[in-house]
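Structural characterization, general
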Amino acid sequence: MEYEELIVVTWLIAEDEADIRNLIAMMCQVWGYNTLTFENGQKVWDWLDRVEQGGVNIPDLVLMDIRMPGKKGNELAQRMLTLPQLQQTPIVLMTAFALSEREQHEMMTADGVDHILSKPLPDFEQFRATLDRVAQQKRNA
């Protein structure tokens with residue numbers, strides 16, 4: 001008897017606005033992804049401490065707000081870049097603030113960010129397509 005291996009895909013979501021965090025988590029779950037959610041940057045930083053110690057499941061994609069209490073998304077991305085477990089994980093940042101081309105370039109080169117999305121976020125299907133594309137590009141890199 002054949003069986004299909006169940007592949008569990010988890011996306012990490014870090015967003016301090018509860019409504020946005022819950023909406024994104026719900027959309028991801030509808031799309032078939034498990035979610036690991038954090039309400040501020042400090043909690044992600046603490047989770048990264050556990051990642052360093054080992055034994056923690058690594059997400060397949062990271063989606064974080066840039067400006068959160070505790071640590072900013074780009075600071076977290078920079079730390080993730082130093083951890084071997086997360087070096088192949090796509091990182092997408094979200095922001096409601098206008099970033100200069102220089103700021104975006106710096107986040108994408110120095111901090112290891114793969115993509116930056118502006119809020120308000122695009123419609124659900126475009127949002128999913130963007131995240132899937134970024135994840136696929138990182139896997140192919």
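Refer to the structure above for everything that follows.
Residues numbered from 1 in each chain as written. Predicted model: local features only at pLDDT ≥ 70, side-chain atom pairs only at ≥ 80, totals over all residues. Heavy atoms only, no water.

**Digging into the packing of helix α2 (residues 41–53) against helix α3 (residues 73–82)**
At their nearest, the axes of α2 and α3 sit 10 Å apart, and the two run at 5 degrees to each other. As summarised for this structure, α2 and α3 are arranged roughly parallel, according to the angle between their axes. For the pair α2 and α3, contact is made by Gly41, Val44, Trp45, Leu48, Asp49 and Glu52 and by Glu75, Leu76, Arg79 and Met80, respectively. Tallied by class, the residues present in the contact of α2 with α3 amount to five nonpolar, one polar and four charged. (Axes fitted to C-alpha atoms, helices over the stretch in contact; angles between N-to-C directions. Helix = DSSP H or I, 4+ residues; strand = E, 2+ residues; numbered from the N terminus. Parallel < 35°, antiparallel > 145°, perpendicular 65-115°, else oblique. Contact = heavy atoms within 4.5 Å. Nonpolar A, V, L, I, M, F, W, Y, C, P; charged D, E, K, R; others polar.)

**Some details on the sheet that holds strand β1 (residues 10–14)**
Remark on secondary structure: sheet strands pair via backbone hydrogen bonds, oriented parallel or antiparallel. Taken together, the five strands give an open sheet; going across it, the order is β2-β1-β3-β4-β5, and neighbouring strands pair in parallel fashion. Among the strands making up the open sheet, the edge pair consists of β2 (34–38) and β5 (115–118). On average, adjacent strands in this sheet sit at an angle of 20 degrees to one another, irrespective of strand direction. Bridge count for β1 against β2 is five bridges, and the pairing is parallel. For Leu12, the partnering residue across the bridge sits in β2 and is Leu36. (Pairing = 2+ DSSP bridges.)

**Considering helix α1 (residues 18–30)**
Here α1 spans 18 Å end to end across 13 residues, near enough to the 18 Å set by a 1.5 Å rise per residue. By the burial criterion, the buried members of α1 are Arg21, Ile24, Ala25, Met27 and Cys28. Along the axis of α1, the buried positions cluster into a sector of 160 degrees, meaning they face one direction only. Turned more than 90 degrees from where α1 packs its buried face, Asp19 and Val30 sit exposed. Tucked inside the fold, the buried residues of α1 contact β1, β2, β3 (61–65), β4 (91–95) and α5 (124–140). Following α1 by one or two positions, Gly32 adopts a phi angle in the positive range, close to 100 degrees. (Expected span 1.5 Å × (residues − 1). Buried < 20%, exposed > 50% of the residue type's maximum accessible area, 1.4 Å probe, protein only. Arc of directions from axis to C-beta.)

**With respect to the packing of aromatic side chains**
All chains considered together, the criterion is met by four aromatic pairs. With a centroid separation of 6.4 Å and 70 degrees between ring planes, the pair formed by Trp11 and Trp31 is classed as edge-to-face. With Trp11 in strand β1 and Trp31 in the loop between α1 and β2, this residue pair connects regions lying 20 residues apart in the sequence. Assigned by exposure class, Trp11 and Trp31 land together as buried. Here the aromatic rings of Trp31 and Phe127 are separated by 6.0 Å at their centres, their planes lie at 50 degrees, and the arrangement is tilted. Taken together, the positions of Trp31 in the loop between α1 and β2 and Phe127 in helix α5 put the pair 96 residues apart, joining distant regions of the chain. The class for Trp31 is buried, based on a relative accessible area of 12%. You can call Phe127 buried: its relative accessible area is 1%. Pairwise contacts between aromatic rings join Trp11, Trp31, Tyr33 and Phe127 into one cluster. (Phe/Tyr/Trp six-rings, centres within 6.5 Å; stacked < 30°, edge-to-face > 60°.)

**A closer look at the side chain of Thr130**
Structurally, Thr130 can be placed in helix α5. Excluding its chain neighbours within four sequence positions, the residues that come into contact with Thr130 are His115 and Leu117.

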